[in-house]
Structures are given as structure tokens and as C-alpha cells.
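This is what each chain is made of:
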Amino acid sequence: MCFNSKYLLDSTIPIFVIPYNDDKEDYTIMDSASLINNTTYDIAVYDIDDYMYASCVVLKENFAEPENMRSKRSLIITDVFSGVNDDDEKMISLEGYQQGGKVSYSVNNIEMKDNRGKYYIRELKAGDIVQVSVDVKGDVRAVQLLFKADEQKLAIAAGSDTPNKYWEGGTLVMPDLWVSFGTITGRNTNVLLVDADGNDSVVSKDPHKFASATNVYVYENSRVYPSNKNDIFDGDTVYVQEYQGNLHEVVIMR
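Note that the structure is a prediction, hence the values are computed from the model and not measured.

To continue, consider the sheet that holds strand 18 (residues 237-243). In space, the seven strands of this open sheet follow the order 15-14-13-18-19-16-17, with mixed pairing throughout. In this open sheet, the two edge strands, each paired with only one partner strand, are strand 15 (208-209) and strand 17 (223-227). Here seven bridges tie strand 13 (residues 177-187) to strand 18, and the two strands are oriented antiparallel to one another. Following the sheet pairing, Thr 183 is matched in strand 18 by Thr 237.

The strand order across the open sheet formed by six strands is 7-6-5-8-9-10, and the pairing between neighbours is antiparallel. With one partner strand each, in any of the chains shown, strand 7 (101-107) and strand 10 (153-154) form the two edges of the open sheet. Summarising the sheet, strand 8 (residues 129-134) and strand 9 (residues 140-148) pair through six bridges and their orientation is antiparallel. In the strand pairing of strand 9, Val 132 is matched with Val 143.

The next thing to look at is the packing of aromatic side chains. Inspection of every chain in the model, using the stated rule, returns three aromatic pairs. Here Tyr 97 and Tyr 217 contribute two aromatic rings whose centre-to-centre distance is 5.8 Å and whose plane-to-plane angle is 35 degrees, an arrangement assigned as tilted. Note that Tyr 97 is positioned in strand 6 (residues 90-98) and Tyr 217 in strand 16 (residues 215-220), a separation of 120 residues in sequence. A relative accessible area of 14% places Tyr 97 in the buried class. For the ring pair Phe 147 and Phe 181, a centre distance of 5.0 Å and an interplane angle of 50 degrees mean the geometry is tilted. Remark: Phe 181 occurs in strand 13 and Phe 147 occurs in strand 9; sequence separation between them is 34 residues. With respect to class, Phe 147 is no different from Phe 181; both count as buried. Linked through ring pairs, Phe 147, Phe 181 and Tyr 239 together constitute an aromatic cluster. One Lys or Arg, Lys 102, reaches over the ring of Tyr 97 and ends 5.4 Å from the middle of that ring.

On the surface, a cluster of nonpolar side chains totalling about 340 Å² of accessible area is made up of Leu 8, Tyr 51 and Tyr 53. One can find Tyr 51 in the loop between strand 3 (42-46) and strand 4 (56-60).

The rules we used
- Residues numbered from 1 in each chain as written.
- Predicted model: local features only at pLDDT ≥ 70, side-chain atom pairs only at ≥ 80, totals over all residues.
- Heavy atoms only, no water.
- Pairing = 2+ DSSP bridges.
- Helix = DSSP H or I, 4+ residues; strand = E, 2+ residues; numbered from the N terminus.
- Phe/Tyr/Trp six-rings, centres within 6.5 Å; stacked < 30°, edge-to-face > 60°.
- Buried < 20%, exposed > 50% of the residue type's maximum accessible area, 1.4 Å probe, protein only.
- Lys NZ or Arg CZ within 6 Å of the ring centre and 35° of its normal.
- Patch = residues over 30% accessible without salt bridge, like charges linked within 9 Å, V, L, I, M, F, W, Y side chains within 5 Å.
- Areas by Shrake-Rupley, 256 points an atom, 1.4 Å probe, with all protein chains shown as cover.
- Salt bridge = Lys/Arg side-chain N within 4 Å of Asp/Glu carboxyl O.

Here it is in C-alpha cells:
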């Protein structure tokens, strides 16, 4: 029996985690407080009582596919450096801004590449923009590269001329992710107009609307720092990212 495929968990319910790499040492148990709202998990629910409470949940980590990462907020990298973890093993740290705050991620696989296999994570630089997936221990398992700052170009295909459509190799693979890199042709308090390809009809049809969750950054002289929409002017070159029609990130290139 189910109630619209929704079940109830309380803080005492164990969640058994099968790790992404199937390494027995990484099997673990967490509680429901570790689950994140609006996130899709590969789970199985067991022993449901009459009140729709589950007695056990099994969660299988799955981070490798880019379509599983499309909803994640971008990390605008400020620094990449090498170090050692608690087991004295070599690791990489990614530091940067995410949702307006400074964060740091650990990458224990120093040979990891982005999930298209083109760039080593250890060779990323300030201004590069990525999405990351982490396991329940907080270690990075996959990195999706969105923008290369030193090359001044998108690392994935741009949005099509239909809002929130993402194409790669002629296939619509992320129908709710939109990235763009171009020049500001108009702005006001509420919207941005970005010309990514010189096609004015596309620019006028697809304004990017500011929201309370929109974060603005500046990339200048190999440095990244937070800013606000009042620092955006006509003629600025910008990276823009939307998810499901919500403007998440604007990075001004100076």
C-alpha cells in the first residue's frame, strides 16, 4: 500500500547506504536528517506500517551521470590545491563560492577527471565553474565542468533557443538546465538580456529574470569575488546559469 508513493521517516529509521564505488569499507548507515530536500535518490523502502512509516531504507549512491547533477548549484572555483587526508593519502581540495558562501570540497582521487573525461580536476583554476556530487561522507565522487575561465568558453553545450533546454550531440539531455555565455545587451531591476550568438531574436525572447536566489560574482585578474546585480552593465561579458527557469548564477568577466 502506498499514499501517492510517499512514505514517512522519523529520526530513528536507519538508512543503509550502498556506496557509489561498491567498496565494502564505504558502506555506512545514516539517518533521515542527512537527506536533502528536492533531491532525487535511488532508494528502496521496506516494512511500511499502516501509518505509512518505513522501518528501513536502502539508498544506493549514484553520481556519475551528468543528468543526475543538473539541479546542483554551481561551484565557482577560487582555488585548487593538493594535500593529504586523514589517512595520509594524497587528495585535492576545491575551494570556491556556492550559493553566495565560501565552501570547500575534498577529492580523494587525484586522477579524477570531469565527467566528460577532458580535464583533470587537479588542473582546474580560479574562475572555472563546476557542479559536484558528493557521497554521504562529503567526498567528491563526480565533477561536471560547465565553464573554463582561461578559455572563456562553455565546457558543455549552451541552451537552445527555447528556454531551459539543453542539447548535446543533437540530443536533449537536460530539459531543465540552461547555461549561456555572452554579452549583456540590456538589463533592468528584474531581468537580463544576454546575446550569446548575435541572434537578436533569441536575446529578446529569452530574458533571464532575477530571483532572490540569484547569486552574482565577478571574475577579474584570476580572482573571484561575490557581487550583486547592480554591478552588471550593458556590454559586460557574463556566464549565466538557470535551472527550471530560475536564474541561479551570473558571473561577470572583467
